[in-house]
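Observations on the model geometry
Listed below are the residues making up each chain.
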Amino acid sequence: MKSSHLDNIPSTPGKFKIEKSPYSHRFRWHYSYLAKLTFWSFVFLALIFIFFFKSPPSSSPYSSISTTPSDLSRRSLKTSSWGGPAWEKRVRSSAKVRSKTGFSVLVTGAAGFVGTHVSASLKRRGDGVLGLDNFNDYYDPYLKRARQALLERSGIYIVEGDINDVALLKKLFEVIPFTHVMHLAAQAGVRYAMENPNSYIHSNVAGFVNLLEVCKSANPQPAIVWASSSSVYGLNTKVPFSEKDRTDQPASLYAATKKAGEEIAHTYNHIYGLSLTGLRFFTVYGPWGRPDMAYFFFTRDILKGKAIPIFESANHGTVARDFTYIDDIVKGCLGALDTAEKSTGSGGKKKRPAQLRVFNLGNTSPVPVSDLVSILEKLLKVKAKRRVMKLPRNGDVPFTHANISFAQREFGYKPTTDLQMGLKKFVRWYGGFDLYQKELKKDLDSWECT
Ligand SMILES: NC(=O)c1ccc[n+]([C@@H]2O[C@H](COP(=O)([O-])OP(=O)(O)OC[C@H]3O[C@@H](n4cnc5c(N)ncnc54)[C@H](O)[C@@H]3O)[C@@H](O)[C@H]2O)c1
């Protein structure tokens, strides 16, 4: 009887045996060839996968450069989000000029102490204002956010971004043909330079150059007013400090970067016809001020019963500062903007010589730091725990005193608030702000940007 193929099916599993046939050798060779091919294809694909996903992009000019902190900071710039129709609409509305003779001003460092006050004043008189700030955490960014909220209420938008972000700056100038730039963004503070020197180079040197590069190519070129510092006088002993005095002995890296800024400004004025005005501020204080400055943390520490350091210079000499109230500084900034001439270049080329100025903006009456503490004691009705110590060699200078006759002559600069009155306003603000921080009850509406 002929057996059918169904007969080969085993009755129990595992007993099936392939019968040897003349074709069985060929079948085994074919099978092992296919297995090898599959294995090597898999290895090949795995290698391609590793190559593309693990290695740096070989076309990048930076691919051979190791990941330094500055690479990282450059990368972090990309995290700020900007662009798109809604964003542009916001930018336009903030920068819209509302008075006949008004300017459209880009204010860098707008969430900072001086930037907030200047932005608010410009907006109040009808200028269009757009802010730019990277909200860094040099001091509590909460304070910067509170200032931002304050400006938002008067229709000022602060774009979150870094002055080193060239693409962002170009975009801003593409959307708004700014007539002026009020450049206040910087790494401030003298002592912090010993902790984080690169932050000074990043913001005060590289950032300034980036900004000027974009300004020089903008059409029309804006006029630029920017913050230098009284610290450029460094170890100068001739008082009061005049703009003609030597500034080649900086006592801190901060001062050196501001001095570098003045030289960089000269270059961009000389080559590209940018109108540039540098303002040497002298110890600015007031409401919404900076928590890293003595008048601010003295107030906080006196109220907390903590000891405060009072420095004295060599041979028990007095350390004194030409404290300048914020409203006077704002008047100086506006005076400088109003008298700034137009830049003269176009398409990145200078057409004729352009304006280049440097002004002291101070109060012209230096006060010993110990007197500042006495005023605070009276205002706070608390006795300070004074700890007198030698002025450390970390960048601070013993004395500052501004000669302001040049600013007086050019735009009628005349400070009107003395330290007693200015500190009274600061302490009143501090009380409200401190309470807000503690209880989170008070509404921002109840404060005024003076
Ligand atoms: N306050 C003073 O007593 C004083 C004295 C002399 C000079 N100045 C100068 O005046 C200007 C304003 O000072 P301030 O007291 O308002 O300081 P601030 O620190 O309160 O303000 C500076 C602002 O710039 C921002 N910023 C810093 N680097 C940036 C960057 N790379 N990109 C974008 N934003 C950046 C910060 O986030 C900050 O909000 C600074 O240039 C400072 O050096 C101030």
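Residue positions are counted from 1 within each chain, in the order its sequence is given. In keeping with the predicted nature of the model, local features appear solely for residues at pLDDT of at least 70, side-chain atom pairs appear and are counted solely at 80 or more, and the whole-chain, interface and lining totals rest on all residues.

Observations concerning the overall build of the protein chain
What counts is decided by this rule: The helix count covers DSSP runs of H or I at least four residues long, the strand count covers runs of E at least two residues long, and both are numbered beginning at the N terminus. Put simply, a residue is buried when 20 or more other C-beta atoms lie within 10 Å of its own C-beta and exposed when 12 or fewer do; between those, it is partly exposed, and each C-beta is set from the backbone.
A tally of helices and strands in the protein chain yields 13 helices and 16 strands. Looking at the protein chain as a whole, 38% of its 450 residues are labelled buried.

Here's the deal with the pairing of strand β16 (residues 385–390)
Rules: By the convention used here, strands pair only if DSSP detects at least 2 bridges between them.
Of all the six residues making up β16, zero are buried; the element is thus mostly uncovered. Of the strand pairs in this sheet, strand β8 (residues 307–313) and β16 are connected by six bridges, and their pairing is parallel. When the sheet's bridge partners are listed, Glu312 is paired in β16 with Lys390.

Focus: unusual backbone geometry
The peptide bond linking Asn219 to Pro220 adopts the cis configuration, its omega dihedral lying at 5°. Locating Pro220 in the fold gives a position in the loop between α7 (197–217) and β5 (223–227). Between Val239 and Pro240 the backbone carries a cis peptide bond, its omega angle lying at -10°. Locating Pro240 in the fold gives a position in the loop between β5 and α8 (253–272). Residues other than glycine seldom take positive phi values, yet Thr364 does so here, at roughly 60°. Phi at Lys381 takes a positive value of approximately 55°, unusual for a residue other than glycine. Mapping Lys381 onto the fold places it in the loop between α11 (369–380) and β16. Classification of Lys381 as exposed rests on a count of 6 C-beta atoms within 10 Å.

Digging into the site of the ligand
Note the cut-off: To decide whether a residue is near a molecule or strand, its C-beta atom is placed from the backbone and checked for lying within 6 Å of it. The residue classification treats Ala, Val, Leu, Ile, Met, Phe, Trp, Tyr, Cys and Pro as nonpolar and Asp, Glu, Lys and Arg as charged. All others, Gly included, are polar.
Near the ligand you find 28 residues, and of these Gly109, Gly112, Phe113, Ala186 and Ala227 are the closest. Listed by contribution, the elements that provide at least two residues to the shell around the ligand are α4 (113–124) and α7. Considered class by class, the residues forming the shell around the ligand number twelve nonpolar, twelve polar and four charged.

Considerations on the sheet that holds strand β3 (residues 157–160)
To keep it simple, the criterion reads: Every axis corresponds to a line fitted to the C-alpha atoms, with the helix fit spanning only the stretch in contact, and the corresponding angles, defined between N-to-C directions, vary from 0 to 180 degrees. C-beta atoms are first placed from the backbone for all residues, and any pair lying within 7 Å is then listed as a contact.
One open sheet accounts for seven strands, arranged β3-β2-β1-β4-β5-β6-β14; its pairing is parallel. Edge strands, defined here as strands with exactly one partner in the open sheet, are β3 and β14 (356–361). Across this sheet, the average inter-strand angle for adjacent strands is 20°, counted without regard to direction. Packing of α8 onto the sheet brings it into contact with β6 (276–281) and β14, and relative to β6 it is tilted by some 165°.

Remarks on the nonpolar core
Just so we agree on the cut-off: The term nonpolar core means buried Ala, Val, Leu, Ile, Met, Phe, Trp, Tyr and Cys residues held together as one set by C-beta atoms within 7 Å.
Ranked by internal contacts, the top residues of the largest apolar core, which has 95 residues, are Met182, Val225 and Cys333. Among the elements that take part in this core, α8 stands out by supplying seven residues, more than any other. With residues up to four places along the chain from it excluded, the contact list for Met182 reads Val105, Val107, Val118, Val225, Cys333 and Leu337.

Brief notes about the environment of Ser275
Relative to the elements of secondary structure, Ser275 occurs in the loop between α8 and β6. Owing to 23 C-beta atoms within 10 Å, Ser275 belongs among the buried residues under this scheme. Residues Ser275 and Ser343, spaced 68 residues apart in sequence, show a C-alpha to C-alpha distance of 4.5 Å. Every residue in contact with Ser275, bar those within four places of it in the chain, is listed here: Ala223, Ile224, Ala340, Glu341, Lys342, Ser343, Ala354 and Gln355.

Re α11
Our working rule: In this scheme, a helix's expected span is set at 1.5 Å multiplied by one less than its residue total.
Helix length check: α11, at twelve residues, gives a terminal C-alpha distance of 16 Å against a target of 16 Å (1.5 Å per residue), a fit within 8%. Backbone geometry just downstream of α11 places Lys381 in the positive-phi region, at approximately 55°.

Thoughts on the sheet that holds β16
Spatially, β9-β8-β16 is the arrangement adopted by the three strands of the open sheet, whose pairing is mixed. The outermost strands of the open sheet, each flanked by one partner alone, are β9 (317–318) and β16. As paired strands, β8 and β9 are joined by two bridges and run antiparallel to one another. In the sheet register, Ser313 faces β9, and the bridge partner there is Gly317. This element, α11, spans β8 and β16 of the sheet and lies at about 150° to β8.

Some thoughts on the confidence of the model for the protein chain
How we decide: Each residue carries a pLDDT score, the predictor's own confidence in it, on a scale running from 0 to 100.
Residues of the protein chain with pLDDT of at least 70 account for 79%, and the chain-wide mean is 85. Predicted confidence for residues 1–31 stays below pLDDT 50, and this span has two contacts to residues more than four positions away or in other chains. In this model, residues 440–450 is a region of pLDDT below 50 whose contacts with residues beyond four sequence positions or in other chains number 17 contacts.

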